[in-house]
Amino acid sequence: MKAAIARRINGHFHYGWIVVGVIFLVLLASAGIRATPSVMMVPLEHDFGWSRATISLAISVNLALYGLTGPFAAAAMQRFGIRPTVMVALVLLASGTALSSLMTAPWQMVLIWGVMVGGGTGVAAITLAATVANRWFHSHRGLAMGILTASSATGQMVFLPMMAAIIERHGWRPVVLIVGIVAAVVLPLVALLVPERPGSVGLRPVGAPEDAPDIPLAQGNPLTHALSVLRMAAGKRDFWLLFFSFFICGASTNGYIGTHFIAMCSDYGLSEVKGAGILAAMGLLDLVGTTLSGWLSDRYNSRVLLFWYYGLRGLSLMYLPYAFGFDFFGLPLFALFYGLDWIATVPPTVRLTTDVFGKTMAPIVFGWIVAGHQLGAATAALVAGSLRATLGNYTMASMLSGGVCIIGAFMVLRIARRAPHQPVPASA
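Since this is a predicted model, take the numbers as computed values, not measurements.

Turning our eyes to something else, we now look at the pattern of salt bridges. Under the defined criterion, the tally for this structure stands at two salt bridges. A salt bridge links Asp298 to Arg351; the shortest N-O distance between them is 2.9 Å. Separated by 53 residues along the polypeptide, Asp298 in the loop between helix H13 (272-297) and helix H14 (302-323) and Arg351 in helix H16 (residues 346-357) bring together distant segments of the chain. With relative accessibility at 27%, the residue Asp298 sits in the partly exposed group.

Taken together, Val288, Phe329, Leu333, Leu336, Phe337 and Leu340 make up a surface patch of nonpolar side chains, about 520 Å² in accessible area. Here the nonpolar patch takes four residues from helix H15 (residues 330-341), the largest share from any one element. On the basis of relative accessibility, which here comes to 37%, the residue Leu336 falls in the partly exposed class.

On to the packing of helix H3 (residues 52-80) against helix H4 (residues 82-99). Between H3 and H4, whose axes approach to 7 Å, the crossing angle comes to 135°. Taken together, H3 and H4 sit at an angle that is classed as oblique. Counted together, Ala73, Ala76, Met77 and Phe80 of H3 and Ile82, Pro84 and Thr85 of H4 form the full contact between these two elements.

What follows deals with the layout of surface pockets. Empty space within the second largest pocket amounts to approximately 210 Å³. The wall of the second largest pocket is formed by 14 residues, among which Ala251, Ala380, Val383, Leu400 and Ser401 lie closest to the centre. Broken down by secondary-structure element, the contributors of at least two residues to the lining of the second largest pocket are helix H11 (237-255), helix H17 (362-391) and helix H18 (395-411). Of the residues forming the lining of the second largest pocket, the biggest block, six residues, is contributed by H17. Residues of the lining of the second largest pocket, tallied by class, amount to 11 nonpolar, three polar and no charged.

Turning next to the state of the cysteines. Applying the stated criterion across every chain yields a total of zero disulfides. Lacking any disulfide linkage, Cys249 is separated from the closest cysteine sulfur, that of Cys405, by 7.8 Å. For Cys249, a relative accessible area of 0% gives the class buried.

Mapping Ser60 onto the fold places it in helix H3. With a relative accessible area of 9%, Ser60 lands in the buried category. Of note is the side chain of Ser60, whose polar atom sits 2.9 Å from the backbone oxygen of Ala378. Contacts of Ser60, omitting those with residues within four sequence positions, involve Ala378 and Leu382.

Okay, helix H6 (residues 126-136) next. With respect to burial, H6 is a largely interior element, 11 of its 11 residues being buried. Residues Ile126, Thr127, Leu128, Ala129, Ala130, Thr131, Val132, Ala133, Asn134, Arg135 and Trp136 constitute the buried set of H6.

An α-helix turns once per 3.6 residues; consequently, residues spaced three or four apart project the same way. In this model H14 runs 30 Å from its N-terminal to its C-terminal C-alpha over 22 residues, within 8% of the 32 Å that 1.5 Å per residue would give. Residue Asn301 occupies the N-cap position of H14, its side-chain oxygen lying 2.9 Å from the main-chain nitrogen of Arg303.

Further remarks concern the environment of Ala416. Structurally, Ala416 can be placed in the segment after H18. Ala416 sits in the buried class, given a relative accessible area of 17%. Separated by 113 residues in the primary sequence, Ala416 and Arg303 have C-alpha atoms spaced 8.7 Å apart. Every residue in contact with Ala416, bar those within four places of it in the chain, is listed here: Asp238, Arg303 and Val356.

With respect to the helices, strands and loops of the structure, Ala191 is situated in helix H9 (residues 173-193). We classify Ala191 as partly exposed; its relative accessible area is 25%.

A few words on the confidence of the model for the protein. With 89% of its residues at a pLDDT of 70 or more, the protein shows a mean pLDDT of 82. Considering each helix and strand of the protein separately, the mean pLDDT is smallest for helix H1 (residues 2-10), with a value of 53, and largest for H18, with 93. Considering only residues more than four positions removed or in separate chains, one finds that residues 419-428, a stretch of pLDDT under 50, has 28 contacts.

Let us look at the packing of aromatic side chains. Summed over the entire model, instances satisfying the criterion amount to 17 aromatic pairs. Ring centres 6.3 Å apart and planes at 55° place the aromatic pair Tyr256 and Tyr394 in the tilted group. Here the residue Tyr256 occupies a position in the loop between H11 and helix H12 (257-267), and Tyr394 occupies one in the loop between H17 and H18, the gap between them amounting to 138 residues. Look at Tyr256 and you get buried, because its relative accessible area is 2%. A relative accessible area of 4% places Tyr394 in the buried class. Their ring planes at 80° and their centres at 5.5 Å tell us that Phe307 and Phe410 sit as a pair that is edge-to-face. You can see Phe307 sitting in helix H14 and its partner Phe410 sitting in helix H18, a full 103 residues away along the chain. Among the aromatic side chains, those forming a connected cluster through ring pairs are Phe239, Trp240, Phe243 and Phe244.

What counts as what
Residues numbered from 1 in each chain as written. Predicted model: local features only at pLDDT ≥ 70, side-chain atom pairs only at ≥ 80, totals over all residues. Heavy atoms only, no water. Salt bridge = Lys/Arg side-chain N within 4 Å of Asp/Glu carboxyl O. Helix = DSSP H or I, 4+ residues; strand = E, 2+ residues; numbered from the N terminus. Buried < 20%, exposed > 50% of the residue type's maximum accessible area, 1.4 Å probe, protein only. Patch = residues over 30% accessible without salt bridge, like charges linked within 9 Å, V, L, I, M, F, W, Y side chains within 5 Å. Areas by Shrake-Rupley, 256 points an atom, 1.4 Å probe, with all protein chains shown as cover. Axes fitted to C-alpha atoms, helices over the stretch in contact; angles between N-to-C directions. Parallel < 35°, antiparallel > 145°, perpendicular 65-115°, else oblique. Contact = heavy atoms within 4.5 Å. 1 Å grid on protein atoms, 1.4 Å probe; cavity = no way out; pocket = protein on both sides within 12 Å on 5 of 7 lines; lining within 4 Å. Points joined across faces, edges and corners; volume = space filled by probe spheres on them. Nonpolar A, V, L, I, M, F, W, Y, C, P; charged D, E, K, R; others polar. Disulfide = S-S within 2.5 Å. Polar contact = N/O pair within 3.5 Å; in protein donor to acceptor, adjacent residues only side chain to side chain. Expected span 1.5 Å × (residues − 1). pLDDT = per-residue confidence, 0-100. Phe/Tyr/Trp six-rings, centres within 6.5 Å; stacked < 30°, edge-to-face > 60°.

Rendered as structure tokens:
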């Protein structure tokens, strides 16, 4: 059935763009689920008397597992295929989010939102986007990666204002049921419309030459394979530069702004709906910024792009504590610069990873780099929550986050372009 659909569509445009569309919806649903705890933070604080440090612990576990799942998910996609791996993740997300409507204790939030949802979103994440882009695109890979990465911003734009409005009127429990239903709705689209690779429907990757080989399924244990790739990558300086620069990226986006911005707005007298609206506006800007970043990474030096992205993000975060003091242009100015830059770092980071480690190993290596991103996010979520509980405001957290971004801007300039290494054979 997929082959017949692909042949019919391919007369007009390559079926790879249909795959991008479906995976965009998967990543959009995952992004909406990941954004949910940030809207729930203040309501849970009021309903159960949990501190922000306690709630931040569950979010921190979620963010850490989101990253640590990535390389193993990439290896599982190479071994078992994209479709079954993603379908298992969507089942886990749908059941976990719905189950959380019954939680009454902090350990239940850690188990459900930390472990179950963190593991599920770790599969439906940036590593999935990298796997699809590398498997289906020979040319326009940066653009495809930019579109898929922008799904995170679109998820915020679509879900955050709606979730905040529902919570304001009906409480937080209906929201977790809604995002669970969204995950369940996307599942049949993956089953029906996503082939494993271009060759399985008689196609070549977009822009690939006639004699381009199709990448076969890997053999052996995906866990062992993911670890063998890590051993290979860990011996290269470029891996650690990519890893720690992405650690900074995660700390300054998902971990800090993504987790605490709505609660920060509440500290300044703004409602959850207004805070979510500003965050959604940043998501809209990031949809433009990240797609443009993918286009730019096909044409310009990725290290230079990353230098500007991290540098401008750092300056915008240092400005944030003062933005609330300006009535008209304070927060809009922050939202403009930070929003355009939110996750624009992803396409050039993927390109550099592919340049250094080769097309076959890049998705798994990038999975480990994403683990660094989410460890940074987990660290920032916990540290910012603790600083807020101790100091009563987020000013110190904003300054620290901006400062490490400036460090990251100079770090990325040291990443070298080298010939791709030979692929590591799959472990038996």
